[in-house]
Amino acid sequence: MSSSKSSLFAARWLAVPAAALLFTACASTPSTSTTTAAAQAPAAPVKVKVFVAAMFEIGKNTGDRAGEFQHWYERYWKDAKPIAVPGALQPVYCNADGVCGSVLGMGKVNSSSSMQAILLNPQFDFSQSYYVISGVAGTPPSRGTIGEVSWATWLVDYDLGHRWAPEENKPGEPTFMPRKGYEEYRRFRLNPDLVGWAMKLSADTPLKDSESARKYRLRYPDAAARRAPFVGTGTHMTGDTFFHGPGMSKQAQYIAKLYGADDYVITEMEAAAITLVIKRTHGTDRVMSLRGAVNFDQGNPKETTLQHLDPAPGETAGGFAETVENIELVGSRVVDHIVANWPKWSGGVPKP
């Protein structure tokens, strides 16, 4: 073989592995379009097992004076990244166990619009979710006390109806009449089995109390008002009106009975509206309303309603810090049980 032919043969021989290497490199390197498609693929939605809805936080989510959200946040989401949701007041936080939560805002419109935005957001899968609507509230002194925690058996809307001034009515008669056509969204009976579970799991929770709350309770003659904090049940009355006084309290009880609900024990501003939003997307069988009482809905016999509504310095009820802690202590027992026993709960509420 001549030297020229030898050189040509060697060049061709060396070219074979080079081509093979080039082919391998091309085969192992994804195309730009493939890489872009993978980067743009949406993440799988978070499967929400329990969603905790608070209404407000005083400052930050941790490290300062606690509002309704802080104790929940510190228990479940200190290491969680916020998930922004267009249309919601605050971001949603989720942990690896499927427990999510957010601050929705105070009042019926504020809170329910946030809840709807979150429920309809594709970042979350709420198909099997349970809900804990959580916050502070008022209570009538004939039924509850400062620091107590209450699971709702019924949610009743206080505002839907007709009202008129007492002086325009016969003395002593109610000044409220339900408006026809609102029957399906002015009251909700929450799942009795779920309420039964909530009480079974949390009724014996040791609750916090304070000396200031104990002193404040003694202003009221009612036996219920003087009780130490406890876990109970009853009707939660939802109204944008922050009502005060024995007359308004009596009217709330009248509405509860008019609608066939249990005794009115809690006044709050969001739960019935939030529940209506959940009902239209997933039903109400997995909804819980959990409230802690931080004030009475009326003054004691020695003060006027206006004095109770606008108390002098040092005359307010104590126990706020203890109550917001009590709410989480009670509620987390139920949340943790559901998550720890998810195979039994994912398909629906087990019989208690």
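Our subject is the structure that appears above.
This write-up is about the structure you can find in this document. Values in this document were obtained by computation on a predicted structure and should not be read as measured data. (Residues numbered from 1 in each chain as written. Predicted model: local features only at pLDDT ≥ 70, side-chain atom pairs only at ≥ 80, totals over all residues. Heavy atoms only, no water.)

**A closer look at the packing of aromatic side chains**
- Following the criterion strictly, the structure yields 18 aromatic pairs and no others.
- Relative to Trp77, the ring of Tyr76 lies with its centre 5.8 Å away and its plane at 45 degrees, an arrangement referred to as tilted.
- One aromatic cluster is present, built from ring pairs that chain together Phe69, Trp72, Tyr73, Tyr76, Trp77 and Tyr93.
- If you follow Lys200 out to its NZ or CZ, it ends over the ring of Trp197, 4.7 Å from the centre.
- Lying over the aromatic face of Phe230, Arg227 brings its terminal NZ or CZ to 3.7 Å of the ring centre. (Phe/Tyr/Trp six-rings, centres within 6.5 Å; stacked < 30°, edge-to-face > 60°. Lys NZ or Arg CZ within 6 Å of the ring centre and 35° of its normal.)

**A short note on the nonpolar core**
- Within the largest apolar cluster, 68 residues are counted, with the highest numbers of intra-cluster contacts made by Phe51, Trp72, Trp77, Met115, Ile118 and Phe124.
- Here the element with the most residues in this core is helix 10 (residues 320-340); it accounts for 8 residues.
- Apart from residues lying up to four places away in sequence, Trp77 is in contact with Val52, Phe69, Trp72, Tyr93, Cys94, Asn95, Val99, Cys100 and Gly101.
- With 12 residues, the next largest nonpolar core counts Val156, Tyr158, Met237 and Tyr264 among its residues. (Core = buried A, V, L, I, M, F, W, Y, C linked by side-chain atoms within 4.5 Å. Buried < 20%, exposed > 50% of the residue type's maximum accessible area, 1.4 Å probe, protein only. Helix = DSSP H or I, 4+ residues; strand = E, 2+ residues; numbered from the N terminus. Contact = heavy atoms within 4.5 Å.)

**What to know about the state of the cysteines**
- Taken as a whole and judged by the stated rule, the model has 1 disulfide.
- Here Cys94 is linked by a disulfide to Cys100, with a sulfur-sulfur distance of 2.1 Å. Measuring the twist about the S-S bond at about 110 degrees, one finds the Cys94-Cys100 disulfide to be right-handed.
- Accessibility expressed as a relative area gives 14% for Cys94, which makes it buried. (Disulfide = S-S within 2.5 Å.)

**Considering helix 5 (residues 192-202)**
- Three or more residues of helix 5 are buried, namely Leu194, Val195, Trp197, Ala198, Leu201 and Ser202. For helix 5, the angular spread of buried residues about the axis comes to 160 degrees, placing them on one side.
- Of the residues that open helix 5, the one with a side-chain oxygen 2.9 Å from the backbone nitrogen of Asp193 is Asn191. (Arc of directions from axis to C-beta. Polar contact = N/O pair within 3.5 Å; in protein donor to acceptor, adjacent residues only side chain to side chain.)

**Let's talk about the environment of Pro229**
- Mapped onto the fold, Pro229 is located in the loop between helix 6 (211-217) and strand 11 (231-238).
- C-alpha of Pro229 to C-alpha of Ala293: the two residues are 64 residues apart in sequence and 9.2 Å apart in space.
- Excluding residues that lie within four positions of it along the chain, Pro229 makes contacts with Thr145, Ile146, Gly147, Glu148, Leu207, Lys208, Asp209, Arg217 and Asn326.

**A few points about the side chain of Glu57**
- With respect to the helices and strands, Glu57 occurs in the loop between strand 2 (50-54) and helix 3 (70-76).
- Here Glu57 occupies a buried position and makes no salt bridge, while the nearest side chain of opposite charge, Arg65, is found at 8.2 Å.
- At a separation of 3.0 Å, a polar atom in the side chain of Glu57 contacts the main-chain amide nitrogen of Phe69.
- For Glu57, the side chain forms a polar contact with the main-chain nitrogen of Gln70, separated by 2.7 Å.
- With near-sequence residues (within four places) excluded, Glu57 lies in contact with Arg65, Ala66, Gly67, Glu68, Phe69, Gln70 and Val103. (Lys, Arg positive; Asp, Glu negative; His and termini not counted. Salt bridge = Lys/Arg side-chain N within 4 Å of Asp/Glu carboxyl O.)

**Observations regarding the packing of helix 5 against helix 10**
- Interhelical geometry of helix 5 versus helix 10 gives an angle of 110 degrees and a closest axis separation of 9 Å. In this view, helix 5 runs roughly perpendicular relative to helix 10, as classed from their interaxial angle. Our pair here, helix 5 against helix 10, has a crossing hand that is right-handed. Of the residues in helix 10, those touching helix 5 at Trp197, Ala198, Leu201 and Ser202 are Val330, Arg333, Val334 and His337.
- Here the residues of the contact of helix 5 with helix 10 sort into 5 nonpolar, 2 polar and 1 charged. (Axes fitted to C-alpha atoms, helices over the stretch in contact; angles between N-to-C directions. Parallel < 35°, antiparallel > 145°, perpendicular 65-115°, else oblique. Left-handed = near helix turned anticlockwise from the far one by under 90°. Nonpolar A, V, L, I, M, F, W, Y, C, P; charged D, E, K, R; others polar.)

**Observations concerning the pairing of strand 4 (residues 99-103)**
- Along strand 4, 5 of the 5 residues are buried, which leaves the element largely enclosed by surrounding structure.
- Covered by surrounding structure in strand 4 are Val99, Gly101 and Val103 together with Cys100 and Ser102, the residues of both alternating faces.
- In this structure, strand 2 lies alongside strand 4, joined through 5 bridges in parallel fashion. When the sheet's bridge partners are listed, Ala53 is paired in strand 4 with Ser102.
- Here 2 bridges tie strand 3 (residues 93-94) to strand 4, and the two strands are oriented antiparallel to one another. Of the residues in strand 4, the one forming a bridge with Tyr93 is Gly101. (Pairing = 2+ DSSP bridges.)

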